[in-house]
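# Architecture at a glance
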Amino acid sequence: MLPEVFQQPPPVLGNQYLEDRVLRSYLNRVIPPDVLRSVEPSLEEMGDLAGGELYRLQLADHANEPVLTQWDAWGERADRIELTPLWRRAERVAAEHGVVAAAYEAAHGRFSRPYQFALAYLFHPSTDVYTCPLAMTDGAARTLLESRNAELIERAVGRLTTRDPARFWTSGQWMTESTGGSDVGLAQTVARNEGGAWRLYGRKWFTSAVTSQMALVLARPEGNPPGAQGLALFYVEPRDEAGGLRGIRVLRLKDKLGTRKVPTAELMLEGAPARPVQGASGGVKAIVPMLHLTRAWNSIAAAAVMRRGLALARDYARKRFAFGDVLAHKPLHVDTLAALQTEAEGVFHLSFYLAQLIGRAETEGLPECDADLLRLLTSVAKLVTAKQAVAAASETLEAFGGAGYVEDTGLPVLLRDAQVLPIWEGTTNVLSLDALRALEKGEAWKALEEKARGCIRSARDSRLGTAGRAAESALEHAHAWFEENRRAAPRLEAGARRFALTLGRTLELALLVEHAQWSLDHERDGRARAAALRFAQSGVDSIADVDLDDARALAAGEPLEQE
Ligand SMILES: Cc1cc2nc3c(=O)[nH]c(=O)nc-3n(C[C@H](O)[C@H](O)[C@H](O)COP(=O)(O)OP(=O)(O)OC[C@H]3O[C@@H](n4cnc5c(N)ncnc54)[C@H](O)[C@@H]3O)c2cc1C
């Protein structure tokens, strides 16, 4: 007789809304009860899809990728792109459940944004980054609305924000060229006015979700000066009624580490018809609403991926035996999962605080100091949460041992897809420098300090008070460092990342303290406090005085002469 072979039960997911203590507790605190009652059924439905149908489809779809057919059988240029079954289903679910639309219907005033982002947060981890086209769609709708270009608003915004899958459009953003994604001012794509009609010529190096029905594109009208100020923003519908590309060739789809369901193409624009969104210059300024929203979606995606990793790892820990007991009873494994939960809660609260600010800005308008804070936090939240998500995704895979490294468990994709979060929509360094600029003028410092201090002061629990003081002293340290170095350009730039990460983690801690006090008062639950205390212990201040000559020698691998 053969020996019995052990069969490991896989991790399973339940309803991703009902099982999410942090999301539900947050919504209870922030959203008025009548609004919550009206939106909760749709969140529950999305939670069911995310833990059920979509998750099953995601596992079954794991080996599929978009396919580009450049030529048909008879030698005709085709450039057809077939999406995978998961993405085709995701498009329909996203439209029907209003994952973009909910923000524009604005049925719940300033709470519409946190609600919409809650839908996106539930949707994201089961759809292999279908949130990439959704983020750009949201960004395109806002950009067109703010452009006041009545013709383009009339043509596209209704489609970008509809719940009808038959009418629903998504949008791309074509900015990056081989000359640079961070420094878009180097872009070489030219816009020519040919008898009153604009056409674009050049090569776009990264164009994600290239199957979208429209795109917002940066190009330089002929005769404009070099640099960012010479770029204009154009609206392009890449395909004609029959589905053929108009003055565009798909050179290839990128062979990427992750986001492999996202068709990211290199495109050659060979006279693509285009319409100016807001005149023949000022393109970088015109596309700012797109950048702000896609960065906010990035932060929400970071929170979502961390939550998914935990949901799977927690379930697995209850089922996986080692050394005589399940992992869930092993103190060191428990400690590892607790650290993941702590970081995830910090990321969650920062991302959703950003959503609240956006919701207020879009519906009521913000006082100037809060508008400055929103500008600062868009960069800070994106950069800090993305870094936390990558670290957490790596730890999540390790929590499964070898299974975490095996493709058809559906786990490696968590890490591969997390790794894009710090790169696209502005890298960590580029956004750190942007955070410095946001603090140089306006009242962002004042607003940040007021917000953080307000959160900290709300703590009546003595241990939360201690955690709050750690946040306060990190913020004071950051402010002193900024004042000391603001006129010392190389030193300021060199420390920008440590500085921005400190701001991000400090605000996460302050928000954790605020929520923990509320949770103690209203839910009699100590878990949020435990997260806040642990977050404070793990440290929020990474500012350091670094010798610039040492750094130069280390970076360049060159000798450092000693006296
Ligand atoms: C999967 C994927 C999909 C994408 N989809 C799109 C898309 O749809 N549309 C689009 O327009 N773009 C897209 N991009 C491009 C993306 O936005 C760029 O890759 C990104 O902005 C970085 O630009 P780059 O690749 O040219 O890197 P570079 O700008 O060359 O940066 C290289 C490194 O230098 C650092 N760096 C740059 N400037 C400074 C500085 N002043 N100080 C310190 N460090 C600095 C950066 O942080 C980075 O680490 C996509 C990228 C990926 C990976």
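Before going into details, it helps to say that this report is about the structure given with it.

About the thresholds
Numbers given to residues run from 1 along each chain, matching the order in which its sequence is written. Thresholds applied to this predicted model are a pLDDT of at least 70 for local features of residues and 80 or more for the giving and counting of side-chain atom pairs; totals over whole chains, interfaces and linings are not thresholded and use all residues. For side-chain calculations, the full set of non-hydrogen atoms in the structure is used, while hydrogens and water are omitted. Secondary structure follows DSSP: runs of H or I at least 4 residues long count as helices, runs of E at least 2 residues long count as strands, and numbering of each begins at the N terminus. Any two residues whose heavy atoms approach within 4.5 Å are treated as being in contact. For a helix, the expected span equals 1.5 Å multiplied by the residue count minus one. Each residue is assigned to one of three classes by its accessible area relative to the maximum for its type, calculated with a 1.4 Å probe on protein chains only: buried under 20%, partly exposed between the two thresholds, exposed over 50%. Here a residue counts as near a molecule or strand whenever at least one of its heavy atoms sits within 4 Å of it. Nitrogen and oxygen atoms within 3.5 Å of one another constitute a polar contact, given that in protein one can donate a hydrogen and the other can accept it, and given that sequence-neighbouring residues count only through two side-chain atoms. Areas reported here follow the Shrake-Rupley algorithm with a probe of radius 1.4 Å; residue values treat only the protein chains shown as occluding. Pairing between two strands is assigned when DSSP locates at least 2 bridges connecting them. The convention used is that axes are lines fitted to C-alpha atoms, helices contributing only their stretch in contact, and that angles between N-to-C directions extend from 0 to 180 degrees. If an angle is under 35 degrees, it is roughly parallel; if it is over 145, roughly antiparallel; if it lies from 65 to 115, roughly perpendicular; otherwise it is oblique. For any pair of crossing helices, the crossing counts as left-handed if the nearer helix is rotated counterclockwise from the farther one by less than a right angle, and right-handed if it is rotated clockwise. Amino acids outside the nonpolar list (Ala, Val, Leu, Ile, Met, Phe, Trp, Tyr, Cys, Pro) and the charged list (Asp, Glu, Lys, Arg) are all regarded as polar, and Gly is one of them.

### Some thoughts on the side chain of Gln517
Mapped onto the elements of the fold, Gln517 is located in helix 18 (residues 496–523). Contacts of Gln517, omitting those with residues within four sequence positions, involve Ser458, Ala459, Arg460, Asp461 and Leu464.

### Describing helix 12 (residues 368–398)
The α-helix advances 3.6 residues per turn, and as a result positions three or four apart in sequence lie on the same side. With 31 residues, helix 12 extends 45 Å between its outermost C-alpha atoms, agreeing within 8% with the 45 Å of an ideal straight helix rising 1.5 Å per residue. Burial runs high along helix 12: 23 of the 31 residues are buried.

### Some details on the site of the ligand
In the vicinity of the ligand, 20 residues are found, and the nearest of them are Thr176, Gly181, Ser182, Ser208 and Thr427. Taking Ser182, its side chain carries an N or O atom lying 2.5 Å from an oxygen atom of the ligand. Note that an oxygen atom of the ligand is positioned 2.7 Å from one of the backbone N or O atoms of Ser208. Coverage of the ligand by the protein amounts to 65% of the 980 Å² it exposes when considered alone.

### Concerning the pairing of strand 4 (residues 190–194)
Bridge analysis of strand 4 against strand 5 (residues 197–207) gives five bridges, and the strand direction is antiparallel. Across the sheet, the residue bridging to Arg192 is Arg199, located in strand 5. Connecting strand 4 to the next strand, strand 5, in antiparallel fashion are two residues, including Gly195 with a positive phi near 65°. The pairing of strand 4 with strand 6 (residues 214–221) spans two bridges and is classified as parallel.

### Side note on the environment of Ala500
Structurally, Ala500 is set in helix 18. Taking relative accessible area as the criterion, Ala500 reaches 0% and is therefore assigned buried. C-alpha of Ala500 to C-alpha of Tyr17: the two residues are 483 residues apart in sequence and 32 Å apart in space. Residue contacts for Ala500: discarding those within four places in its chain leaves Val380, Leu383 and Ser432.

### Some remarks on the packing of helix 10 (residues 288–317) against helix 12
Look at helix 10 against helix 12: their axes get within 8 Å of each other, and the N-to-C directions meet at 25°. Comparing the axis directions of helix 10 and helix 12 gives the class roughly parallel. The way helix 10 lies across helix 12 gives a crossing that is left-handed. Along its contact with helix 10, which presents His292, Arg295, Asn298, Ser299, Ala302, Val305, Met306 and Gly309, the element helix 12 presents Thr378, Ser379, Ala381, Lys382, Thr385, Ala386, Gln388, Ala389, Ala392 and Thr396. Classifying every residue of the contact of helix 10 with helix 12 gives seven nonpolar, nine polar and two charged.

Fair warning: the whole summary comes from geometry, so function is off the table for now.
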